[in-house]
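Structure assessment
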Amino acid sequence: MRCVTQLTTRTAPPRAVMAVVAVGVLLSGFDLFIVNVALGDIAASLGEGDLADLSWILNAYAITFAALLVPAGRISDLIGSKNGFLAGLLVFTLASAACAFSPGLGTLVAFRIVQAAGAALMIPSSLGLVLTAFPAESRAGAVRLWAGLGGVGAALGPVVGGVLVQADWRWIFLVNVPLGIAAAVVGWRVLPETVGHPGRRPGFVGALLLVVTVATLVLLLVEGSEWGWTSTRTLTVAAIVVLGLALNAWAVARSADPIVSLDLLRTPHFASMSLTLLAFHVSFGAMLLSVVLWLQDVWGLSALQTGLGVAPGPLLVPFVAVYGGRLVSAIGPRAVIALGTSVFAIGVASWALLAGPSTSYAATILPGMLLTGIGVGLVVPPSMALGCSELPPEHHGTGSAVLQTARQVGIAVGVAALVAVLTAQPVGADAFQVAWWMTAAFALAASLTAIGRSTR
C-alpha cells in the first residue's frame, strides 16, 4: 500500500512514537468503557438515583467524541499532528483531573464533555503521527497495530474500572493524570515535528453544521428508545438529522473548502472502508452491550466478573492485528476483512445456539468471545490500514477522523438496534437469542461492503 506522509523537521524512532501514541489511544479507549462499571458508586457518592440522568456521564462523552472527530481531524491537518496530539492529550488529562474532583453530576458531565473534546483531537492526530513516523514498507502494519490498541482499551477498561472503584470511583479518572502527563513530556521530546497544511480554513458555519448533525444523530440513536421512536421529541430530532445530512451533502458538493472535501471522498479505498467500518461496528456495538447485559442481568455476575468475562476477546485483537498482516499479504485485505466478518458472525451465533440461563461461561460464552475477538482483529485493523493507504498528507487527520466517526456512529446504531430488540419482548434468554441472530446478520452484511472490489 502507498501512504504519503507529512513533512517533518526531524526523525524519531518509530517504536518510541508508537509507545507515546499508544498511551493516548489506550486512555481514550479506557474512558469509553471504564465508567460503565462505576455508575453505581458515582450515584451513591453524588446522591443521584436517576439512571437516565446518570447515563449522561456516558452519553455526553460518546456524543461529543463522535461529533468533534472530523473538525478536530481538520484542525490536526492545519496545525500538524504533533501539536494536535499533545494539545488533545493535555486537554484530556486536565479534564480527567477535573472529573475526579467534580462535586456534583452536572459538573462531572460538563468535564466529561471537555474530556471527550480532548480525545477527539488526540485520536486523529495519533494516526497522523503513525503515518509520519513509519517508513512506507511497515506503515500498513503500524496502522493495524494502532487500530488493535482499541481492543486493549475495550478489554482492560471494565476490568481496571472494577478494581479502581473498590478504592474510590474518582480513581477511574485520576489514573489518567500521571499517564497523560508522562506521555506529554516524552511526546514533546520524541514525536516527529510534523508540518501542518494550512491551506484555506473551512468556514465556521460548515464546521458547526457537521458537529450539530453528528451530535443529533448520535443523540437520536442513544435516546430514541427512552423517548419512544414515534414520540414528538424523537421525530423532531430525526427531522433535524435529515436536514443536517442534506445540508452537509450540499456543502461538500458546493462549498469552496468544505470540512470534508470531495477529493478526500474520492481517495481510493477510503469511501468503501468508511462504509465497511460503519456497517461492521453496528454489529460490534450490539455484540459488546449484549454480552455485558447477559452476564450481569441473566447470570447475575458482578461488574468486575463481567469485565473479566468480556476481556478475552478484545485482548486478542492487537495480536491478530499484528500477525494477520501475513494473511493480508497472502490473500489481500478485502478477503481478510470478509473472513473476519464471518468469524465474528459465527462467534455471536454460537451464543444464540449454546448460551442459556444455567450454562457455563467456559462452554458457551468464552468460545464466542474468542471468535469475536479474532473477527475484530481481522476486520478493523486492515480496514483502517486500507482506508488510509492512499490519503495525501493534507488529509491525514481529517481522513482518519472520518473513519473513526464511522465507527462511533456504527456502535451507536448497534446499541440502539439491540435495545429495540430487547425491549420489544420480555428480557430473557429468548430475547437475547433474537438479538444475537440479528447481530450475526449485521456482521455478514458488513462483508458485502468489503468485497465490492478486487481482493488485492
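Residues numbered from 1 in each chain as written. Predicted model: local features only at pLDDT ≥ 70, side-chain atom pairs only at ≥ 80, totals over all residues. Heavy atoms only, no water.

The name an unreviewed UniProt entry gives the chain is Drug resistance transporter, EmrB/QacA subfamily, with Aeromicrobium choanae as the organism. The chain has a UniProt comment under Subcellular location (unreviewed entry) that states "Cell membrane". (UniProt positions renumbered as here; feature names shortened; annotations may be inferred.)

Scanning the chain from N- to C-terminus turns up 19 helices and zero strands. On C-alpha atoms alone, the chain measures out to a radius of gyration of 21 Å, which is about the 23 Å that the 2.2 N^0.38 rule sets for 456 residues. When its C-alpha atoms are laid out on the principal axes, the chain stretches across 60 × 55 × 45 Å. Taking all 456 residues of the chain together, 57% fall into the buried category. Contacts spanning at least 24 positions in sequence make up 84% of the contacts within the chain whose residues lie at least 6 apart. Side-chain charges in the chain split into 20 positive and 17 negative, and the spacing between the mean points of these groups amounts to 16 Å. (Helix = DSSP H or I, 4+ residues; strand = E, 2+ residues; numbered from the N terminus. Rg over C-alpha atoms; globule rule 2.2 N^0.38 Å. Buried < 20%, exposed > 50% of the residue type's maximum accessible area, 1.4 Å probe, protein only. Contact = heavy atoms within 4.5 Å. Lys, Arg positive; Asp, Glu negative; His and termini not counted. Charge placed at Lys NZ, Arg CZ, Asp CG, Glu CD.)

Let's shift gears to helix 11 (residues 232-254). What sets the pattern is the α-helix's 3.6 residues per turn: residues three or four places apart point alike. With 23 residues, helix 11 ought to run about 33 Å at 1.5 Å a step, and its terminal C-alpha atoms sit 33 Å apart, in line with that. Looking only at helix 11, the buried set comprises Thr-234, Val-237, Val-241, Gly-244, Asn-248, Ala-251 and Val-252. (Expected span 1.5 Å × (residues − 1).)

Time to look at a nonpolar patch on the surface. A cluster of nonpolar side chains, Val-91, Phe-111 and Val-114, forms an exposed patch at the surface whose accessible area comes to about 200 Å². Taking relative accessible area as the criterion, Phe-111 reaches 32% and is therefore assigned partly exposed. (Patch = residues over 30% accessible without salt bridge, like charges linked within 9 Å, V, L, I, M, F, W, Y side chains within 5 Å. Areas by Shrake-Rupley, 256 points an atom, 1.4 Å probe, with all protein chains shown as cover. Salt bridge = Lys/Arg side-chain N within 4 Å of Asp/Glu carboxyl O.)

Two measures describe an aromatic ring pair: the distance that separates the ring centres and the angle between the ring planes. Summed over the entire model, instances satisfying the criterion amount to eight aromatic pairs. Their ring planes at 25 degrees and their centres at 6.2 Å tell us that Tyr-61 and Phe-65 sit as a pair that is stacked. Highlighted residues: Tyr-61 and Phe-65, both in helix 4 (residues 56-79), separated by four residues, approximately one helical turn. The burial state of Tyr-61 is the same as that of Phe-65; both residues are buried. Cation over ring: Lys-82 sits above Trp-188, and NZ or CZ is 4.9 Å from the ring centre. (Phe/Tyr/Trp six-rings, centres within 6.5 Å; stacked < 30°, edge-to-face > 60°. Lys NZ or Arg CZ within 6 Å of the ring centre and 35° of its normal.)

Attention now moves to the environment of Gln-296. Residue placement: Gln-296 occurs in helix 13 (residues 270-298). Exposure remark for Gln-296: the relative accessible area of 31% places this residue in the partly exposed category. Counting along the chain gives 26 residues from Gln-296 to Val-322, while the straight-line C-alpha distance between them is 32 Å. In this structure, Gln-296 is in contact with Leu-301, Ser-302, Ala-303 and Thr-306, ignoring residues within four places of it in sequence.

With 105 residues, the main nonpolar core has Val-130, Trp-146 and Met-384 as its most contacted residues. For this core, the element with the highest residue contribution is helix 13, accounting for twelve residues. If we ignore the near neighbours within four places in the chain, the residues touching Met-384 are Leu-127, Val-143, Trp-146, Ala-147, Leu-277, Leu-403, Gln-404 and Arg-407. Membership of the second largest hydrophobic core comes to 20 residues, among which are Leu-54, Ala-60, Leu-108 and Ile-172. (Core = buried A, V, L, I, M, F, W, Y, C linked by side-chain atoms within 4.5 Å.)

Attention now moves to the packing of helix 14 (residues 303-310) against helix 15 (residues 312-331). Two elements in contact, helix 14 and helix 15, have axes separated by 4 Å at closest approach and are oriented at 35 degrees. On helix 15, the residues that touch Leu-308, Gly-309 and Val-310 of helix 14 are Pro-312, Gly-313 and Pro-314. Here the residues of the contact of helix 14 with helix 15 are counted per class, giving four nonpolar, two polar and no charged. (Axes fitted to C-alpha atoms, helices over the stretch in contact; angles between N-to-C directions. Nonpolar A, V, L, I, M, F, W, Y, C, P; charged D, E, K, R; others polar.)

Once that is clear, we can look at the domain arrangement of the chain. You can read the domains of the chain as domain 1 (12-189), domain 2 (203-258) and domain 3 (261-455). Facing 32 residues of domain 1, the contacting portion of domain 3 comprises 32 residues. For the pair domain 1 and domain 3, the two sides together bury roughly 2,600 Å², of which 77% comes from carbon and sulfur. A per-residue breakdown of the area domain 1 buries against domain 3 is headed by Asp-77, Leu-131 and Arg-144, which together make up 22% of the total. At the surface where domain 1 touches domain 3, the tally comes to zero salt bridges. (Domains from an automatic or database assignment. Buried area = accessible area lost by both parts, 1.4 Å probe.)

Although it is not a glycine, His-269 sits at a positive phi angle of roughly 75 degrees. As for its position among the elements, His-269 is in the loop between helix 12 (262-265) and helix 13.

As for its placement among the helices and strands, Gly-300 is situated in the loop between helix 13 and helix 14. In the structure, Gly-300 is positioned 58 residues away from Ser-358 in sequence and 11 Å away in space, judged by C-alpha atoms.

Take helix 16 (residues 333-354) next. With 22 residues, helix 16 should cover 32 Å at 1.5 Å per step; its first-to-last C-alpha distance of 32 Å lies within 8% of that length. In terms of residue burial, helix 16 counts as a mostly covered element, since 16 of its 22 residues are buried.

It is worth spelling out the side chain of Gln-115 at this point. With respect to the element layout, Gln-115 can be found in helix 6 (residues 105-133). Judged by its relative accessible area of 0%, Gln-115 is buried.

Moving on, we get to the side chain of Arg-407. With respect to the helices, strands and loops of the structure, Arg-407 is situated in helix 18 (residues 396-423). Classification of Arg-407 as buried rests on a relative accessible area of 14%.

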